[in-house]
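Structural overview for review
Residues per chain are reported as follows:
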Amino acid sequence: MIKILFFAGYREKLGCDSLKLNSGEYPETLEALRVKLSEKGADWQEVLEDKRTLVAHNQAMTRKDFTISEGDEIAFFPPVTGG
Amino acid sequence: MIKILFFAGYREKLGCDSLKLNSGEYPETLEALRVKLSEKGADWQEVLEDKRTLVAHNQAMTRKDFTISEGDEIAFFPPVTGG
Amino acid sequence: MISIQQEDFNPGLEQDNLSKLTGTGAVVTFTGLVRDENLGDDVGGLYLEHYPGMTEKALQEIIDEAAARWPLQAIKVIHRVGQLHPGDRIVYVGVASAHRRAAFEICEFVMDYLKTRAPFWKRETTVDGERWVDARESDKQSAERWYEE
Amino acid sequence: MISIQQEDFNPGLEQDNLSKLTGTGAVVTFTGLVRDENLGDDVGGLYLEHYPGMTEKALQEIIDEAAARWPLQAIKVIHRVGQLHPGDRIVYVGVASAHRRAAFEICEFVMDYLKTRAPFWKRETTVDGERWVDARESDKQSAERWYEE
């Protein structure tokens, strides 16, 4: 099982703050996951294809594609605005 | 009358924190005053000719020669070390 | 060292804690406050969201990087989350170092990186309703300068 | 706004005073402390001398220059004089501005100029006796950078 999280404006836009995918339900890579989630609808596609969208893999920001492993936590969120 | 002040290490070295010169006793310019005070002894000469010596004319730092006027306050001090 | 919290904090108390180590010559602090205006609109409130777990890790990485670059004696980073209002404190970065330039640079570095790397998001309330605050290009540039030197 | 004083000050109280104006988004403070070491020698005490009258004017000029260069909302400069000991607070510069970069820059600018332009002198007590502290080239360079940009 892997856990997928959405924050802030994306959480609101998708009406979803987290979802779980069991082994067999999720693809092998981040890029394939983006494609799979984009199929859920126009809002999902917009969020996942937005070039500003940030990705965290197991709570560390990453800009590269990666292989998904069982137990991973993957988060999608807009540019951060703390401070 | 003009007032001449010395601070910190210079005050200690000269054993003098201030001296007054009446009209007629002081020269026309800062540079002439340096020469006049230097005549008071070797310590005075060292302080007044030291290139690091800072000069304040009526409580404003200056690097130039100036004409001395009645009532002026002139201070000589080493580089500042506050903060 | 790092605290993500809903409740307010006491800058005077933090300052005292940072000043305790002998050898400390400089304490620099930054406190961010909620402004009553943004992009020309009156702001009535600000809601802060974060990514529990990752936010703390991101802040710790920023602190570790600062400690590797400068002589750091003590640091405290506090960031509030939840509903805030104009005038409220949002964020605090307090830095103790032997020397003044290091203390200033660490404090600015941590704030710059916090603004661009730590997962926090602001939603503000204006007369037109609620809106998520957009990231600012100036914050990105401010963070990038630490690699230009 | 400016205070030259023998007694200690309260950074928490100063911080609160600086945070009162609406529109303030950033408060940056610098607090200088007496270190127990200088140039490799243990320092047992520090005596601060100043030039009454001129010191206040010099600090006011520095503040006026900062206010002309950056959007400044509030500032407080405190410098202690007389006999101090390791760990004691010497100097405080607290700055309130709408934005963070301005607040940091004003605070650093005022400290740099205070170090090179305000008539204060330090005499420290070491095991070898008392000595007047020499001005540091690094402080001069730090102040000069404000004209290089």
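Described in the following lines is the structure provided in the data block. Within each chain, residues carry numbers counting from 1 in the order of the written sequence. Just so you know, chain letters begin at A and ligand numbers begin at 1, following the order they were written in. In keeping with the predicted nature of the model, local features appear solely for residues at pLDDT of at least 70, side-chain atom pairs appear and are counted solely at 80 or more, and the whole-chain, interface and lining totals rest on all residues. Heavy atoms throughout the structure, all of them, feed into the side-chain values; hydrogens and water do not.

Details of the interface of chain D and chain C
We call two residues in contact whenever any of their non-hydrogen atoms come within 4.5 Å of each other. Chain D puts 35 residues into the contact, and the matching count from chain C is 35 residues. Interface of chain D and chain C: buried area, both sides summed, is about 2,900 Å²; carbon and sulfur atoms make up 48% of it. Broken down residue by residue, the surface that chain D buries against chain C is led by R35, R100 and F104 of chain D, which jointly contribute 24%. For this document, the term salt bridge refers to a Lys or Arg side-chain nitrogen within 4 Å of an Asp or Glu carboxyl oxygen. Summed over the shared surface of chain D and chain C, the result is eight salt bridges. Across the salt bridge formed by R100 of chain D and D139 of chain C, the nearest N and O atoms sit 3.0 Å from each other. Note: buried area is the sum, over both parts, of the accessible area (probe 1.4 Å) each one loses when the two are combined.

Some remarks on the relation of the copies chain D and chain C
Turning chain D through 180 degrees and shifting it by 0.0 Å along the axis lays it on chain C, with an RMSD of 0.0 Å. Classification of the inter-copy transformation places it as that of a two-fold axis. The rotation axis passes nearest to the C-alpha of G12 of chain D in chain D, at a distance of 1.7 Å. The fraction of interface residues of chain D whose copies in chain C are also interface residues reaches 100%, indicating that both copies meet through the same surface. What sets the superposition is a least-squares fit of C-alpha atoms, and only residues with pLDDT of at least 70 in both copies go into it.

Side note on helix 2 (residues 54-69) of chain C
Compared with an ideal rise of 1.5 Å per residue, which puts 16 residues at 22 Å, helix 2 of chain C spans 23 Å between its outermost C-alpha atoms and is within 8% of the ideal. With a 1.4 Å probe rolled over the protein chains alone, any residue whose accessible area is under 20% of its type maximum counts as buried; one over 50% counts as exposed, and the rest are partly exposed. For the purposes of this entry, the term helix denotes a DSSP run of H or I that reaches at least four residues, the term strand denotes a run of E that reaches at least two, and both are numbered from the N terminus. All of the buried residues in helix 2 of chain C are M54, T55, A58, L59, I62, I63 and A66 of chain C. The span expected for a helix works out to 1.5 Å for each residue beyond the first.

Here's the deal with the arrangement of the chains
Sorting the three pairs of chains in contact by contact count puts chains C and D at the top. At their nearest point, the C-alpha atoms of chain A and chain B are still 29 Å apart, with no contact between the two. Of all C-alpha pairs spanning chain B and chain C, none lies closer than 10 Å, and the two are not in contact.

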